[in-house]
Number of protein chains: 2
Amino acid sequence: MDIAAAKAALMHLDLDDNPAAVRAKSRDFFWYSPVLKDRLDHLSADFVVMPKTQDEVIEVLAACHAHDVPVTVRGSGTGNYGQAMPLAGGCVLHMQNMDKVLEISPGRVVTQPGTIIRELDRITRDQSGQELRMFPSTAGTATIGGFICGGSGGVGSVRWGMLRDYGNILRIRVATMEARPRILDFTGRDLARVSHAYGTNGVVTEIEMPLAPAYDWVHVFLTLDDFTHAAALTHALALQDGILLKLATVCEAPVAARYFQRFRGHVSDTDSVIALMVAPHSMDGFLSFLSHEPGARLIYRSDAHDWARDPGPAYEYGWNHTTLRALKVDPSITYLQVRYAGPDLLDKVGAIRARFGDELIQHLEFLRETGVMTAAGLTLVRFSTEARLDEIIRIHEDMGCMVFNPHRYTLEEGGRQTVDARQLDFKRQADPKGLLNPGKMIAWDVPDWDYSRAYDYARMRH
Amino acid sequence: MDIAAAKAALMHLDLDDNPAAVRAKSRDFFWYSPVLKDRLDHLSADFVVMPKTQDEVIEVLAACHAHDVPVTVRGSGTGNYGQAMPLAGGCVLHMQNMDKVLEISPGRVVTQPGTIIRELDRITRDQSGQELRMFPSTAGTATIGGFICGGSGGVGSVRWGMLRDYGNILRIRVATMEARPRILDFTGRDLARVSHAYGTNGVVTEIEMPLAPAYDWVHVFLTLDDFTHAAALTHALALQDGILLKLATVCEAPVAARYFQRFRGHVSDTDSVIALMVAPHSMDGFLSFLSHEPGARLIYRSDAHDWARDPGPAYEYGWNHTTLRALKVDPSITYLQVRYAGPDLLDKVGAIRARFGDELIQHLEFLRETGVMTAAGLTLVRFSTEARLDEIIRIHEDMGCMVFNPHRYTLEEGGRQTVDARQLDFKRQADPKGLLNPGKMIAWDVPDWDYSRAYDYARMRH
Ligand SMILES: Cc1cc2nc3c(=O)[nH]c(=O)nc-3n(C[C@H](O)[C@H](O)[C@H](O)COP(=O)(O)OP(=O)(O)OC[C@H]3O[C@@H](n4cnc5c(N)ncnc54)[C@H](O)[C@@H]3O)c2cc1C
Ligand SMILES: Cc1cc2nc3c(=O)[nH]c(=O)nc-3n(C[C@H](O)[C@H](O)[C@H](O)COP(=O)(O)OP(=O)(O)OC[C@H]3O[C@@H](n4cnc5c(N)ncnc54)[C@H](O)[C@@H]3O)c2cc1C
């Protein structure tokens, strides 16, 4: 690794090697996890480059390849699995200057990867009355490239499923990490080779995404004094095909009273809260549905409310924003990402609640998984020790609830704990020296890893 | 019933009493059913009025009320349950002159009831890039009012569910049948009082419907040589949340070879056919999905094909258009409307096939029912006798497959065979003399009917 030579070759670009600035741009939301905070807090890259064009990306990749310098791509660094942490130092390739929206047509947008998602949504909306099918709750700060490479789904998944589903990404263009970087377009089945690969096998330089119609979504909050009832109501509502939703979140009491500051005075300690985004023309259908639920209290709708302080969009109380709000108030909180599926999914949630009592607080996001409504649990956990956290995860798995462990920084451990042969195979072609985001793909480093304990990247910088 | 007096009172309107013309406008697609053909073929009203405004509707209703003349509303008369047949004669209120589209906004359209659905779709598309969420396969001829009052769902239901689901109709305005007709607006839960009521408790004068984005749908046909496989493929495809479909139809061999004239040369006797409408930006995802299905052969896509004769839209091979095509070639064919639901729905189809052999040919439409993919079977039946047809229906029911009997002209018998208290209750208020489409609501005539035999309206005109 010849940092000096690589920097020299790239001096004419927008390059920053001020240590404080580099350290700031070397960090993402890994600190969400006390485990990752323990492992990754000291890390920093050596320099940051901010390319403006695909040609500049190619230049950076060629120079770093020549000098054996690791490259970790960065969107906005909002990943909460430590996806963008430069484990082996080297170059952070910061994409935010590549933020041009290139083409909008019915059902489609072509964009550079560094565009902030909310800005992309604003542009497609202004120019065509369309918006993204789904986005992470970090849309206000995250890039579309970071979402494709490090995210999985989010606001909109209740209708459209997850990013990995056929049709939810249309095309990805990547630059490879070779002496002469190649530019390759992926569509269809091949998208799986580079999407959600944490930038370990290519740098995304252009993206084509499907669009849905943009509506002035009504942001709605409901309270109920019984979580089981609240979860069942949210599930039943999410199943209403005629009521167009973009978000269906339910949080157990006392999440709202304790962690949602703007809810003060509107909720009590025993209120479980449902957060929804409802299309304006579905409000009537939604209210009709609600009229069968005397226990539910509508406390807020963004199109008509008397709250002194605007709570902001409902989705900033959903997905990992719920966790963020909890962490801000109580830094001892941590979390899990659980998959509740099957016809008895709500029973599973009930069994988990009975098993753990106060140690966990439930937060569910409803989403479609190949046509079937399931729930993601972004469960809040009262953190004690790492050993206990592992035990909690094991108990979940024993009870039939898969966990996507957010206390691990590798692709495999944060996913289904299996090697993705398509991604590995493409890394062999696109990054023969293994310089792209090193340490994140176990299959590359230790092909026979058995996942019984946490992976510890051997060449992590100290 | 004083026909002469009513006519005299309405002479200044667009009124027709030429017997041949009246008879033509007194008939719908009841003849689809050999049973209904036997019962209803002789019927004719006494005169037809074609109102141009809501005020004219009120005038007709008031005059007919005064003179005890039955009023049967008519859109285009494409109903296949004999919904629009004037059992007791009297006045046919023909709505096709009330065809103005009144207002279009994001997600909504307000229209008069007599607008032809395809024309409504063209206007919303031209003016706003939007289209109806769902329409019957008769969109080219049927009115939106007839769909609301006599239909149930169709093309689009694979995504949006059925018309009766909350959110799929926004508002219905009706005129009542009283000395002084009232104008009432229904929304939310109250929509169920007047939608799918065959015009027995009000005349719809204005409708507000939700809109979805309009796309240049790609019409696709696939063939497979095994129906079980074809049905499973269609089901799995319909479950792909990221692949936007508007139609997912599968027809057992030899439907296509035998009844789809334009398919000649493209299909063999053993080909089962899948008909789809796919959003253009979902074609890539669809083709990726298809690449896992080596047994499926793509024989036609409307955006790139070499068929000498254009087969027209895919949906005109789906829903009851399949039946229509079969009937045109073989008048001895009749049909059923079956509901296949539950996790084992395809097994149920398999069991039915095994039970009946050649006597039935399967045709399935996939659709969502409160969030769960189910199938409607528009099964083709080799007709022998009415008794055998009833037996076939009973066997279906015994095997756990509900039948919406299309050989009955009443609301209850064509539905779930239960009294709809909401519709009955509103008929008491809106049509105290029982003059609107008499004979179609059993609960009004014979409250304690037990459904063990076919209802026979006592006052049917001979
Ligand atoms: C409060 C909170 C809420 C969240 N909610 C969600 C949610 O609802 N759904 C969800 O999926 N995620 C969620 N996340 C995770 C994260 O915010 C999103 O996935 C986000 O889209 C990441 O975008 P980013 O620009 O910040 O990417 P970064 O964090 O910068 O990068 C993410 C990964 O992608 C790689 N990458 C970035 N750009 C490129 C590129 N151009 N080419 C190749 N690789 C690249 C990085 O190397 C990294 O591995 C949440 C996180 C937080 C903190
Ligand atoms: C080949 C074929 C395919 C079909 N496919 C489908 C399908 O996919 N889905 C489906 O749901 N149906 C289907 N149908 C049935 C029918 O075509 C549709 O329901 C259609 O929408 C009816 O519209 P229409 O204008 O022809 O109504 P009509 O047949 O004229 O009327 C239908 C009923 O509504 C009442 N009515 C009509 N207008 C009003 C009004 N303004 N106020 C009060 N009552 C009124 C009539 O009295 C009658 O009872 C099909 C029929 C055929 C023959």
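Residues numbered from 1 in each chain as written. Chains lettered and ligands numbered in written order. Predicted model: local features only at pLDDT ≥ 70, side-chain atom pairs only at ≥ 80, totals over all residues. Heavy atoms only, no water.

Engineer: Help me out: how do you make sense of the environment of B:His321 in this one?
Structural biologist: All names here are of chain B. Position of His321 relative to the elements: it lies in helix H12 (residues 319-329). Classification of His321 as buried rests on a relative accessible area of 11%. On a C-alpha basis, the gap between His321 and Val174 in space is 30 Å, while along the polypeptide they are 147 residues apart. Beyond its immediate stretch of four places on either side in the chain, His321 contacts Ser137, Thr138, Tyr315 and Glu316. (Helix = DSSP H or I, 4+ residues; strand = E, 2+ residues; numbered from the N terminus. Buried < 20%, exposed > 50% of the residue type's maximum accessible area, 1.4 Å probe, protein only. Contact = heavy atoms within 4.5 Å.)

Engineer: What exactly am I supposed to notice about unusual backbone geometry here?
Structural biologist: Trans is the common state for peptide bonds, and a negative phi is the common state for residues other than glycine. Residues and elements named next belong to chain A. Put simply, Ala253 and Pro254 share a cis peptide bond, and its omega is 5°. Relative to the helices and strands, Pro254 resides in the loop between strand E12 (245-251) and helix H9 (255-259). The backbone of Gln417 shows a phi angle near 55°, a positive value even though the residue is not glycine. Within the secondary structure, Gln417 is located in the loop between strand E21 (402-403) and helix H14 (421-430). Residue classification places Gln417 among the partly exposed positions, given a relative accessible area of 32%. Look at Asn437: it is not a glycine, yet its phi comes out positive at around 40°. Inspection of the secondary structure puts Asn437 in the loop between H14 and helix H15 (442-445). Judged by its relative accessible area of 2%, Asn437 is buried.

Engineer: When you look at the site of ligand 1 in this model, what are you seeing that I'm missing?
Structural biologist: All names here are of chain A. Among the 38 residues in the neighbourhood of ligand 1, the closest are listed as Val73, Gly75, Thr78, Thr143 and Gly153. Here an oxygen atom of ligand 1 and a side-chain polar atom of Thr143 are 2.6 Å apart. A distance of 2.8 Å separates an oxygen atom of ligand 1 from a polar backbone atom of Ser152. Computed on the free molecule, ligand 1 has an accessible area of 980 Å², of which 98% lies beneath the protein chains in the complex. Elements supplying a minimum of two residues to the shell around ligand 1: strand E3 (71-74), helix H6 (144-150), strand E10 (203-213) and helix H11 (319-329). Among the elements that line the shell around ligand 1, the one with the most residues is H6, at 5 residues. Residue composition of the shell around ligand 1, by class: 15 nonpolar, 22 polar and 1 charged. (Near = heavy atom within 4 Å. Polar contact = N/O pair within 3.5 Å; in protein donor to acceptor, adjacent residues only side chain to side chain. Areas by Shrake-Rupley, 256 points an atom, 1.4 Å probe, with all protein chains shown as cover. Nonpolar A, V, L, I, M, F, W, Y, C, P; charged D, E, K, R; others polar.)

Engineer: Where do I start with helix H16 (residues 421-430) of chain B in this structure?
Structural biologist: Three or four residues apart is the spacing at which side chains of an α-helix point the same way, because the helix has 3.6 residues per turn. Residues and elements named next belong to chain B. Listed as buried for H16 are Gln423, Leu424, Phe426, Lys427 and Ala430. Taken down its axis, H16 places every buried residue within 165° of arc, on the same side. For H16, exposure combined with an orientation more than 90 degrees from the buried face picks out Ala421 and Arg428. Here the buried face of H16 lies against strand E8 (171-175), strand E9 (183-186), helix H8 (191-194), helix H15 (411-414) and helix H17 (442-445). (Arc of directions from axis to C-beta.)

Engineer: Please explain the domain arrangement of chain A as it appears in this structure.
Structural biologist: Interfaces are often sized by the amount of accessible area the parts lose when they come together. All names here are of chain A. For chain A, the domain assignment lists domain 1 (3-94), domain 2 (101-214 + 424-461) and domain 3 (218-403). When each unit is reduced to the centre of its C-alpha atoms, the spacing between domain 2 and domain 3 is 27 Å. Taken together, the contacts link 17 residues of domain 2 with 20 residues of domain 3. Between domain 2 and domain 3, the buried area comes to about 1500 Å², and carbon and sulfur atoms account for 56% of it. Here domain 2 and domain 3 share 2 salt bridges between them. Where Glu131 meets Lys246, a salt bridge forms, and the shortest distance between an N and an O atom there is 2.9 Å. Of all the secondary-structure elements, those providing two or more residues to the side of domain 2 that touches domain 3 are strand E7 (130-132) and helix H7 (157-160). Take the side of domain 2 that touches domain 3: its biggest share by element is 3 residues, from H7. In terms of residue class, the side of domain 2 that touches domain 3 is built from 6 nonpolar, 6 polar and 5 charged. (Domains from an automatic or database assignment. Buried area = accessible area lost by both parts, 1.4 Å probe. Salt bridge = Lys/Arg side-chain N within 4 Å of Asp/Glu carboxyl O.)

Engineer: Is there a simple way to explain the interface of chain B and chain A in this structure?
Structural biologist: Taken together, the contact pairs 39 residues of chain B with 39 residues of chain A. Around 3200 Å² of area is buried between chain B and chain A when both sides are counted, 49% of it from carbon and sulfur atoms. Interface area lost by chain B to chain A is led by B:Tyr166, B:Asp241 and B:His281, which between them contribute 22%. One can count 0 salt bridges joining chain B with chain A. The interface formed by chain B and chain A contains 22 residue pairs in polar contact (both at pLDDT 80 or more). Broken down by secondary-structure element, the contributors of at least two residues to the side of chain B that touches chain A are helix H7 (157-160), strand E10 (203-213), helix H11 (283-290) and strand E18 (363-369) of chain B. Residues that form the side of chain B that touches chain A fall into these classes: 14 nonpolar, 17 polar and 8 charged.

Engineer: I would appreciate a short explanation of the side chain of A:Arg368 in the present structure.
Structural biologist: Positionally, A:Arg368 belongs in strand E18 (residues 363-369). The exposure class assigned to A:Arg368 is buried, which follows from its relative accessible area of 2%. A polar contact is formed between the side chain of A:Arg368 and the backbone oxygen of A:Val158, at a distance of 3.3 Å. Setting aside anything within four residues of it in sequence, one finds A:Arg368 in contact with A:Ser157, A:Val158, A:Arg159, A:Gly161, A:Met162, A:Ala238, A:Asp241, A:Met373, B:Asp241, B:Arg368 and B:Gly371.

Engineer: Sorry, what's going on with the site of ligand 2 here?
Structural biologist: Residues and elements named next belong to chain B. Inspection of the region around ligand 2 gives 38 residues, with Val73, Gly75, Thr78, Thr143 and Gly153 positioned closest. At 3.0 Å from an oxygen atom of ligand 2 is found a main-chain nitrogen or oxygen belonging to Gln83. When ligand 2 is considered free in solution it has 970 Å² of accessible area, and contact with the protein chains removes 98% of it. Those elements that provide at least two residues to the shell around ligand 2 are strand E3 (71-74), helix H6 (144-150), E10 and H12. Sorting elements by how many residues they give to the shell around ligand 2 places H6 first, with 5 residues. Of the residues in the shell around ligand 2, the class split is 15 nonpolar, 22 polar and 1 charged.

Engineer: Please explain the environment of B:Ala248 as it appears in this structure.
Structural biologist: All names here are of chain B. Note on placement: Ala248 falls in strand E12 (residues 245-251). Here Ala248 falls in the buried class, since its relative accessible area comes to 1%. Between the C-alpha atom of Ala248 and that of Thr234, which follows or precedes it by 14 residues, the distance is 6.4 Å. Ignoring sequence-local partners within four residues, the contact set of Ala248 consists of Val158, Thr234, Ala238, Ala275, Leu276, Leu364, Glu365 and Phe366.

Engineer: Looking at this model, I keep getting lost on the UniProt feature "domain: FAD-binding PCMH-type" (unreviewed entry) in chain A. Mind explaining?
Structural biologist: Taken from the UniProt record, the annotation "domain: FAD-binding PCMH-type" (unreviewed entry) applies to residues 40-214 of chain A. Helix makes up 21% of residues 40-214 of chain A and strand 25%. Its end C-alpha atoms lie 39 Å apart. (UniProt positions renumbered as here; feature names shortened; annotations may be inferred.)

Engineer: Could you clarify how one ought to interpret the packing of helix H12 (residues 345-356) of chain A against helix H13 (residues 386-398) of chain A in this entry?
Structural biologist: Between two packed helices, what matters for the description is the angle formed by their axes and the separation of those axes. Residues and elements named next belong to chain A. Two elements in contact, H12 and H13, have axes whose closest approach is 11 Å; the angle formed by their N-to-C orientations is 145°. For the element pair H12 and H13, the recorded crossing hand is right-handed. In contact with Ile352, Arg355 and Phe356 of H12, H13 contributes Arg388, Ile392, Ile395 and His396. The residue makeup of the contact of H12 with H13, split by class, is 4 nonpolar, 1 polar and 2 charged. (Axes fitted to C-alpha atoms, helices over the stretch in contact; angles between N-to-C directions. Left-handed = near helix turned anticlockwise from the far one by under 90°.)

Engineer: Where do I start with the side chain of B:Ser282 in this structure?
Structural biologist: In this structure, B:Ser282 sits in the loop between strand E13 (272-278) and H11. In this structure B:Ser282 comes out as buried when scored by relative accessible area, which is 0%. Reaching out from B:Ser282, the side chain makes a polar contact with the backbone nitrogen of B:Leu244 at a distance of 2.9 Å. Excluding its chain neighbours within four sequence positions, the residues that come into contact with B:Ser282 are A:Arg133, B:Gly242, B:Ile243 and B:Leu244.

Engineer: Sorry if this is basic, but what is going on with the pattern of salt bridges here?
Structural biologist: If the charged atoms of two oppositely charged side chains come close together, the side chains can form a pair. All names here are of chain A. For the structure shown, the criterion picks out 68 salt bridges over all chains. As a salt-bridge pair, Glu206 and Arg171 come within 2.9 Å of each other at their nearest N and O atoms. Of this pair, Glu206 sits in strand E10 while Arg171 sits in strand E8 (residues 171-175), placing them 35 residues apart in sequence. We note that Glu206, like Arg171, is buried.

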